[in-house]
Amino acid sequence: MADAPSTAQAPAAAPVPEKPPVPQAAIPKGGPATPLVDPKQFPVGIYGDKLEGAVRKTPENEPPPLPVNEHLKVIGKATPRLDGRAKVTGAARYTADIKLPGLLYGRMLTSPHPHAKIKSIDTSAAERAPGVKAIHVLDRVLGVAEEKKKEGEVADTKFPIVRFAGQPIAGVAAETQQQADDAARMIKVVYEVLPFVTNEDQARAEGAPLVFTGEAAQAGTAGGGGGPTGVPQKGNVRGPAKGGNKREAPNLDDTFKEADVIVEAVYHTQVQTHSPLETHGVVADFKPDMLTVYASTQGTGSVRDELAAIFKLQKSQVRVITEYMGGGFGAKFGAGNFGVLATHLSKKAGAPVRMMLDRKEQHLSVGNRPSSHQRLKIGAKKDGKLVAIHLVNHGTAGVGTGAGASGAAQNMYPCPAVLTEDYDVFTHAGPSAAFRAPGHPQAVFAFEQAIDELAEKLGMDPLAFRETIDDSDARRVERKLGAEKIGWASRKPNASDTGPVKKGIGVAQSVWYRMSSRDSNVEVRITHDGSVELLSSVQDIGGGIRTALAQVVAEELGLKPTDVRIKIGDTQFPKGPESGGSVTTGSITPPARNAAWQVRQQLLQAVAPTMGVQPDDLVMADGKVASKSDPSKSLTFRQAAAKLPGEQISATVRRTPDYEVEGEGRGRGRGRGPGGLGGVHFAEVRVDTETGRIYVDRVVAVHDCGRPINPLGVHSQVNGGVIQGLSYALYENRILDRNTGLMVNPNLEQYKIAGSKEMPQIDSILIEQYWGRSSTDAAGIGEPAVIPTAAAIANAVYNATGVRIRELPMTPGVVLKALAEKKATADAGKSADDPAAIERPAAAADGRSVNS
């Protein structure tokens, strides 16, 4: 997924500290101004908890260690977005705002059938329509699993098989949008309609209509997605893809016999579609010498590479530009079918073509978060130590793969025996795409509820149980801070309220991974007039990387962030990372600092002789270059730049590997130990047991992301993650008509997302965790911020009502059904936690809406 945009803010949230208070014992004599560790060493540990100095093996051309944020002037300080004014005044140009001479407007034609063969396509009427300049029919569909053809096998139609309603067929370019829309409807397609299946349970049944008649696989994208190769496929079921430390074991029955307590249950999560404020779209301008594409994308490089391959161009002949974009959560990688169509149409018409998807196309055609159907079994000893974990998950990514949900089971807590089995279930529905923390919100919704159930069976407080089984230092500190903020000590026993509206508090944790892209390059320039620029093709998808980069450069050069011009989102600049997976900040800020430091060295070398001092006697701070030994010798930054022997100095730097640690290599980076990311959410809810409605009143979200570069931006990211996680937990749900295979709510009216009235109070708290792994020690926050919200809400609902909700979204209908089932089982003298009584509810299984 991706670094998430901060398009939504929490209303009326109480002010929160940018970092937890530092215990006095952590501050040495001399006060906070005294460095906490040796300046020549890297700070390692958690600020305010345990912090020490460490030596790292670093390249010779990289800067010395940064101290903790407390001792920096720009990094770690709340900084308003540099692009804020442009966005709120309308000056920022998004893809839909691009107006090129002779611009044409495009529209896709998509299939109304979920499964069909195309017998013929007649475009003659559309070609004669007013204003139409070009028409193109697709010969290949991108973003879906592809069937492995047998040797010598020939397709029985020259057109791609239709496998989902909304599948792109063709595109039209015309002088106006209305003309393009009208002409697209004039294209006559003759379909041979075939049997289909859109329900994942039915798709698993013997004799179900096949989505693919042979083996099918899908490669991942820059944002994730796809599935592993070499797994078996039978009918519509592909898998299992096994994981964990016992993946070769046929079962864990013998291991589970060692457990004193076992929890086993089934959980179901829905398909969630991508709903960014700005839909997918491009403006393509095909010229003989250069294809220029303005794209709403998380990866300018991935769009360039895909179009260069499809149109047989050199990469240098394709330029992709993303000035601003209105949100990307993982689905905006690559050119997409609309991008390929727009480029073909531009090439045919000899004019630029803009193709922005409408909201219906957005829901149907560009990807979604897969569903999950998880049977989870966990065993523990009386002392709380985990014994074994077994997860079997069936999820549907429609005509794609990548429905795994095993990240939490594999990586959250140490366990001697873990086996996960993920299956993709093919259905005649739109494919998945990476979606903010792929697989993890689904996984944690199940896993963290099961952890609470284990704690209850062991007679332990849920937080105390996590203290026993969790080896993450970050989450240990986060639990303490969050518990104090939410008032965990005063949490009532389960279902203790007597009235119809019951209150509860719940907790859940997340796991994500510190990852970085070596293909992250930055150029920093200082010009004779004192101007400073940073250039990289990395794009700001709304998470604020533009501002963070300015802060890093400003810190190194002794300037203000507003003194640095950030030029990003253009493939003519040095190659930047694709923005997804919380990779961006940890990938691009180290080369930004390293480049700024190298340019700084060049500047000091140039001006030192003119000031009569040695370069190592000079410091750069507060917009000046001054002598340490003789403060009277100083120049303003502009005066210093004017002494450059040439017009400009610059440095271009690529991201180096993580620094090595003796005995640990370059770090595991897998969610525990060095380099892993945590995150703990506490939710406070009210449940109206008469209407079934859940009200989320407050969320306390405590997070780590290494060194926070811009706490203001990180808080915004956390707020956005909480909001999106709440929306996923309570509202969002793709509903497919079981008779037609069509999505019945492809809009933002019936496809409900959380609005301002549903917003809780959000208290976000950040901790600073240092690893000493790069020159900035920064990491992303987009993924961790969304992962634990649904699980925390579900655990809070249980605390309020004594009823487990094992299905998303937790709509009033689902809540009332669970309350009724608990009452019925209680009346019958059965345990409400009997796994046989908690299989997937039929209301969700047949694809009908369960929304009120």
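Residues numbered from 1 in each chain as written. Predicted model: local features only at pLDDT ≥ 70, side-chain atom pairs only at ≥ 80, totals over all residues. Heavy atoms only, no water.

Asker: Would you mind showing me how to read helix H16 (residues 711–730) here?
Answerer: Structural remark: α-helix, 3.6 residues per turn; residues separated by three or four positions point the same way. Taking 1.5 Å of rise per residue, 20 residues should cover 28 Å, and H16 covers 28 Å from first to last C-alpha, within 8% of that figure. Buried residues dominate H16, accounting for 19 of its 20 residues. (Helix = DSSP H or I, 4+ residues; strand = E, 2+ residues; numbered from the N terminus. Expected span 1.5 Å × (residues − 1). Buried < 20%, exposed > 50% of the residue type's maximum accessible area, 1.4 Å probe, protein only.)

Asker: Before we go on, may I ask you to explain the sheet that holds strand E21 (residues 418–425) in this structure?
Answerer: Sheets are built from strands paired through backbone hydrogen bonds, the pairs being either parallel or antiparallel. The strand order across the open sheet formed by 6 strands is E10-E11-E21-E20-E19-E12, and the pairing between neighbours is mixed. The sheet is open, and its two borders are formed by strand E10 (233–234) and strand E12 (261–269), each paired with just one other strand. Of the strands in this sheet, E12, strand E19 (372–380) and strand E20 (386–395) are in contact with helix H10 (residues 440–458), which crosses E12 at around 150 degrees. (Pairing = 2+ DSSP bridges. Contact = heavy atoms within 4.5 Å. Axes fitted to C-alpha atoms, helices over the stretch in contact; angles between N-to-C directions.)

Asker: Whenever I open this one, the sheet that holds strand E28 (residues 624–627) confuses me. Can you help?
Answerer: Ordered by their spatial adjacency, 3 strands build an open sheet running E27-E28-E29, and the pairing between neighbours is antiparallel. Bordering the open sheet on either side are strand E27 (618–621) and strand E29 (634–636), each of which pairs with just one other strand. Averaged over neighbouring strand pairs, the angle between their axes works out to 15 degrees when direction is ignored. Taken together, the 4 bridges between E27 and E28 define a ladder with antiparallel strand orientation. Each residue of the ladder has a partner; that of Ala-621, found in E28, is Lys-624. Relative to the sheet, helix H14 (residues 584–611) contacts E27, E28 and E29, its axis offset from that of E27 by approximately 120 degrees.

Asker: Can you help me understand helix H11 (residues 462–469) in this one?
Answerer: Buried within H11 are the following residues: Pro-462, Leu-463, Phe-465, Arg-466 and Ile-469. An end-on view of H11 places all buried positions within 155 degrees of arc, on one side of the element. Lining the buried residues of H11 we find E20, H10, helix H12 (473–486), strand E22 (501–509), strand E32 (680–688) and helix H17 (789–801). Two to three positions downstream of the cap, the backbone nitrogen of Leu-463 sits 2.8 Å from a side-chain oxygen, assigning the N-cap of H11 to Asp-461. (Arc of directions from axis to C-beta. Polar contact = N/O pair within 3.5 Å; in protein donor to acceptor, adjacent residues only side chain to side chain.)

Asker: For this particular structure, what's the right way to read the environment of Met-759?
Answerer: Position of Met-759 among the secondary structure elements: in the loop between H16 and strand E34 (761–767). For Met-759 and Gln-202, which are 557 residues apart along the polypeptide, the C-alpha to C-alpha distance reads 37 Å.

Asker: Honestly, the packing of aromatic side chains in this entry has me stumped. Any pointers?
Answerer: Centre distance and the angle of the planes are the two values used to describe a pair of aromatic rings. Summed over all chains, the structure comprises 9 aromatic pairs. Both rings, one in Phe-286 and one in Phe-311, keep their centres 6.1 Å apart while their planes meet at 55 degrees; by these two values the pair is tilted. Here Phe-311 lies in the loop between helix H6 (300–310) and strand E16 (318–321) and Phe-286 lies in strand E14 (residues 281–286), a separation of 25 residues in the sequence. Directly above the ring of Tyr-728 sits Arg-369, whose terminal nitrogen or CZ lies 5.4 Å from the centroid. Note that Arg-804 overlies the ring of Tyr-798, its terminal NZ or CZ placed 4.0 Å from the centroid. (Phe/Tyr/Trp six-rings, centres within 6.5 Å; stacked < 30°, edge-to-face > 60°. Lys NZ or Arg CZ within 6 Å of the ring centre and 35° of its normal.)

Asker: What am I meant to see in empty space enclosed by the protein here?
Answerer: The probe, sized like a water molecule, is rolled over the atoms to show the empty space still left. Applying the stated criterion across every chain yields a total of 7 cavities of 30 Å³ or more. Quantified by volume, the second largest cavity comes out at close to 200 Å³. As for the second largest cavity, its lining consists of 18 residues, and the residues nearest its centre are Gly-543, Ala-548, Thr-585, Gly-713 and Val-714. At the level of elements, helix H13 (545–557) and H16 are the ones that each hand at least two residues to the lining of the second largest cavity. For the lining of the second largest cavity, the element with the highest residue contribution is H16, accounting for 3 residues. Here the residues of the lining of the second largest cavity sort into 9 nonpolar, 7 polar and 2 charged. (1 Å grid on protein atoms, 1.4 Å probe; cavity = no way out; pocket = protein on both sides within 12 Å on 5 of 7 lines; lining within 4 Å. Points joined across faces, edges and corners; volume = space filled by probe spheres on them. Nonpolar A, V, L, I, M, F, W, Y, C, P; charged D, E, K, R; others polar.)

Asker: What should I look at first to understand unusual backbone geometry in this one?
Answerer: Keep in mind that most residues, glycine aside, have a negative phi and that most peptide bonds are trans. Here the bond from Gly-239 into Pro-240 is cis, since omega is 10 degrees, no more than 30 degrees from zero. Here the residue pair Leu-808 and Pro-809 is connected by a cis peptide bond, since its omega of -5 degrees sits within 30 degrees of zero. With respect to the helices and strands, the residue Pro-809 is situated in the loop between H17 and helix H18 (812–827). In this model, Lys-312 sits at a positive phi of 55 degrees, which is unusual for a non-glycine residue. Within the secondary structure layout, Lys-312 lies in the loop between H6 and E16. Phi at Asp-622 takes a positive value of approximately 55 degrees, unusual for a residue other than glycine.

Asker: Where do I start with the confidence of the model for the protein chain in this structure?
Answerer: Any region with low pLDDT has predicted coordinates that should not be read closely. Taken over all residues, the pLDDT of the protein chain has a mean of 91, while the share at 70 or more is 90%. Low pLDDT (under 50) marks residues 1–33, which in the prediction has 97 contacts with non-local residues, meaning those over four places away or in another chain. Contacts from residues 668–673, a stretch scored under 50 in pLDDT, to residues over four places away or in other chains number 20 contacts. (pLDDT = per-residue confidence, 0-100.)

Asker: Help me understand the pattern of salt bridges, please; the structure alone is not making it clear to me.
Answerer: Side chains bearing opposite charge may pair, as long as their charged atoms lie close to each other. Taken as a whole, this structure holds 42 salt bridges when the rule is applied. For the salt bridge of Lys-73 with Asp-622, the shortest nitrogen-to-oxygen distance reads 3.1 Å. Of this pair, Lys-73 sits in the loop between strand E2 (50–54) and helix H1 (84–89) while Asp-622 sits in the loop between E27 and E28, and the two are 549 residues apart along the sequence. What makes Lys-73 exposed here is its relative accessible area of 54%. Between Asp-697 and Arg-686 there is a salt bridge, with the nearest N and O atoms lying 2.8 Å from each other. Of this pair, Asp-697 sits in strand E33 (residues 694–704) while Arg-686 sits in strand E32, and the two are 11 residues apart along the sequence. Judged by its relative accessible area of 26%, Asp-697 is partly exposed. (Salt bridge = Lys/Arg side-chain N within 4 Å of Asp/Glu carboxyl O.)

Asker: What's the story with the side chain of His-390 in this structure? I'm lost.
Answerer: Mapped onto the elements, His-390 comes out in strand E20. Of the polar contacts made by the side chain of His-390, one reaches the side chain of Glu-421; its length is 2.7 Å. Beyond its immediate sequence surroundings of up to four residues, His-390 is in contact with Leu-252, Phe-256, Arg-375, Leu-376, Lys-377, Leu-419 and Glu-421.

Asker: I would appreciate a short explanation of the pairing of E32 in the present structure.
Answerer: Each regular strand shows side chains that alternate between the opposite faces of the sheet. With 7 of 9 residues buried, E32 lies mostly within the body of the structure. Where E22 and E32 come together, 9 bridges link them in antiparallel fashion. When the bridges of E32 are listed, Val-501 appears paired with Asp-688. In the sheet, E32 pairs with E33 via 8 bridges, with the strands oriented antiparallel. Looking across to E33, one finds that Phe-682 is bridged to Val-700. Two successive antiparallel strands, E32 and E33, enclose a turn made up of 5 residues, where Gly-692 displays a positive phi of approximately 80 degrees.

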